[in-house]
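Listed here are the chains, written in short residue letters.
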Amino acid sequence: MILSGKAKIAGVIGWPVSHSRSPRLHGYWLANYGIDGAYIPLAVAPDRFPTAVAGLAAAGLRGVNITLPHKAAALSACDMVDDNARRIGAVNTIVFGNDGALRGSNTDAFGFLENIRRNAAWRAGGIAVVLGAGGAARAVCVALADAGMIDIRVINRTGARAARLAADLGAPLTVRDWETRHDALASAALLVNTTSLGMTGQPPLDLDLAALPMDAVVNDIVYAPMETDLLARARARGNPAVDGLGMLLHQARPGFEAWFGVAPKVTDELRDFVMAEP
Ligand SMILES: NC(=O)c1ccc[n+]([C@@H]2O[C@H](COP(=O)([O-])OP(=O)(O)OC[C@H]3O[C@@H](n4cnc5c(N)ncnc54)[C@H](OP(=O)(O)O)[C@@H]3O)[C@@H](O)[C@H]2O)c1
């Protein structure tokens, strides 16, 4: 680690933040590229968020990542936000400008698409099924709509949340009932699980894959465990399957480049390093 008086500093703000893999991820890149800098975890309670962000900018940090529960609050803390952040309703990356301006963006949609594109022979344009309608689903739907999917079937346990997401983002999102999720897989080119089902400590996703075309790509954005029950069942029947870790790694690239001036690479060694610690 190189840390001089001219070091560039960035970090991640969360509450709690101890579970975040971002310090490990950015720390790997900083060491790998020999950068004079540091990336630190910042535990900030919700009521202190605006003060903390302003203080970190005043202290000369390059910027921050934002994780739960601050992603929506970060939207109003910024002076400017990009189109994706506005549509998703959340900011996950802030760049503190030399002019004092706080520029917010959301890189989750980018991270999601990069992960799919690099790990599956997938071409946008068909039908996608998205399970879930939480914060992550918003980013996934924005990415898929911009990529040119012709129908994005949003299916969530709480139907009203899916309806709100579809109303906010508009066409090509359509809503299906949770009970119809098995049949809704027919004709799909892509299936994405954005629910927390399948995560360590959560029940597996109850989904019959029988109607899913054999060439449909299956992506689970849950990455703990990396091989979820959904991915294992998809692989077993021959579908191309993509795990969720790549989304986490790729969403970090734009922030790192903006703060430290190097476009970082996602490699197998990085994947192993980030997941090596519980
Ligand atoms: N790979 C990545 O980079 C990445 C990025 C972000 C998030 N994630 C992962 O994505 C998952 C969702 O994150 P989020 O931020 O979107 O969370 P969230 O806003 O809390 O949404 C959770 C979603 O899971 C659904 N759900 C929870 N329990 C359920 C159950 N028992 N049955 C059916 N549906 C259930 C919720 O449905 P209701 O609306 O009905 O409650 C909702 O759609 C998490 O596992 C998170 O770790 C991964």
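Below is a summary of the structure that appears in this document. Worth saying up front: this structure is predicted, and the values here are computed from it rather than measured.

**Describing the packing of aromatic side chains**
Phase 1 of the analysis: For the structure on display, the rule yields 6 aromatic pairs.
Phase 2 of the analysis: On the numbers, 5.2 Å between centres and 45° between planes, the contact of Tyr 28 with Phe 273 is tilted. Remark: Phe 273 occurs in helix α11 (residues 268-275) and Tyr 28 occurs in helix α1 (residues 22-32); sequence separation between them is 245 residues.
Phase 3 of the analysis: Under the relative-accessibility criterion, Phe 273 is labelled partly exposed at 30%.
Phase 4 of the analysis: Ring centres 4.9 Å apart and planes at 50° place the aromatic pair Phe 256 and Phe 260 in the tilted group. On the criterion of helical spacing, the pair formed by Phe 256 and Phe 260 is a turn pair, its members being 4 residues apart in helix α10 (residues 253-260). Note on accessibility: Phe 256 and Phe 260 belong to one class, buried.

**Comments concerning the pairing of strand β1 (residues 8-14)**
Phase 1 of the analysis: Where burial is concerned, most of β1 is hidden: 5 out of the 7 residues are buried.
Phase 2 of the analysis: As defined by bridge partners, β1 adjoins strand β2 (residues 37-43) across 7 bridges and the pair is classed as parallel. Note that in β2 the partner of Lys 8 across the bridge is Gly 37.
Phase 3 of the analysis: A crossover links β1 with its parallel partner β2, the connecting element being α1, and its sense is right-handed.
Phase 4 of the analysis: One ladder, built from 4 bridges, connects β1 with strand β3 (residues 63-66); its direction is parallel. Along β3, the bridge assignment pairs Ala 10 with Gly 63.

**Here's the deal with the sheet that holds strand β10 (residues 188-193)**
Phase 1 of the analysis: Taken together, 6 strands build an open sheet; the order of strands is β9-β8-β7-β10-β11-β12 and the sheet is parallel. Two strands bound the open sheet, and with one partner strand each, they are β9 (173-177) and β12 (241-242).
Phase 2 of the analysis: Contacts from helix α6 (residues 135-147) reach β7 (127-131), β8 (151-156), β9 and β10, with the element oriented near 175° to β7.

**So, the packing of helix α5 (residues 108-119) against α6**
Phase 1 of the analysis: Across the interface, α5 lies against α6 with an axial gap of 8 Å and an inter-helix angle of 65°. Read as a crossing pair, α5 and α6 show a hand that is right-handed. In this structure, α5 uses Asp 108, Ala 109, Phe 112, Leu 113 and Arg 117 to contact α6, whose residues at the interface are Ala 139, Val 140, Val 142, Ala 143, Leu 144 and Ala 147.
Phase 2 of the analysis: Of the residues in the contact of α5 with α6, the class split is 9 nonpolar, no polar and 2 charged.

**Observations regarding the site of the ligand**
Phase 1 of the analysis: Contacts to the ligand come from 21 residues, most closely from Ala 136, Asn 156, Arg 157, Thr 158 and Arg 161.
Phase 2 of the analysis: A distance of 2.7 Å is found between an oxygen atom of the ligand and a side-chain nitrogen or oxygen belonging to Asn 156.
Phase 3 of the analysis: Within the side chain of Thr 158, an N or O atom sits 2.5 Å from an oxygen atom of the ligand.
Phase 4 of the analysis: Burial of the ligand by the surrounding chains reaches 76%, relative to a free accessible area of 920 Å².
Phase 5 of the analysis: Sorting the residues of the shell around the ligand by element identifies α6 and α9 (245-251) as the ones contributing at least two each.
Phase 6 of the analysis: Within the shell around the ligand, the residues separate by chemical class into 10 nonpolar, 9 polar and 2 charged.

**Side note on the pattern of salt bridges**
Phase 1 of the analysis: Taken as a whole and judged by the stated rule, the model has 12 salt bridges.
Phase 2 of the analysis: With a closest N to O distance of 3.0 Å, Arg 103 and Asp 99 form a salt bridge.
Phase 3 of the analysis: The exposure class assigned to Arg 103 is partly exposed, which follows from its relative accessible area of 34%.
Phase 4 of the analysis: As a salt-bridge pair, Glu 114 and Arg 118 come within 2.8 Å of each other at their nearest N and O atoms. Of the two residues, Glu 114 and Arg 118 are both situated in helix α5; the distance of 4 residues between them amounts to about one turn of the helix.
Phase 5 of the analysis: For Glu 114, a relative accessible area of 13% gives the class buried.
Phase 6 of the analysis: Here the salt bridges share partners, and the residues they tie into one network are Asp 83, Arg 87 and Asp 146.

Procedures and definitions
- Residues numbered from 1 in each chain as written.
- Predicted model: local features only at pLDDT ≥ 70, side-chain atom pairs only at ≥ 80, totals over all residues.
- Heavy atoms only, no water.
- Phe/Tyr/Trp six-rings, centres within 6.5 Å; stacked < 30°, edge-to-face > 60°.
- Helix = DSSP H or I, 4+ residues; strand = E, 2+ residues; numbered from the N terminus.
- Buried < 20%, exposed > 50% of the residue type's maximum accessible area, 1.4 Å probe, protein only.
- Pairing = 2+ DSSP bridges.
- Right-handed = clockwise from strand over helix to strand, strands pointing away.
- Contact = heavy atoms within 4.5 Å.
- Axes fitted to C-alpha atoms, helices over the stretch in contact; angles between N-to-C directions.
- Left-handed = near helix turned anticlockwise from the far one by under 90°.
- Nonpolar A, V, L, I, M, F, W, Y, C, P; charged D, E, K, R; others polar.
- Near = heavy atom within 4 Å.
- Polar contact = N/O pair within 3.5 Å; in protein donor to acceptor, adjacent residues only side chain to side chain.
- Areas by Shrake-Rupley, 256 points an atom, 1.4 Å probe, with all protein chains shown as cover.
- Salt bridge = Lys/Arg side-chain N within 4 Å of Asp/Glu carboxyl O.

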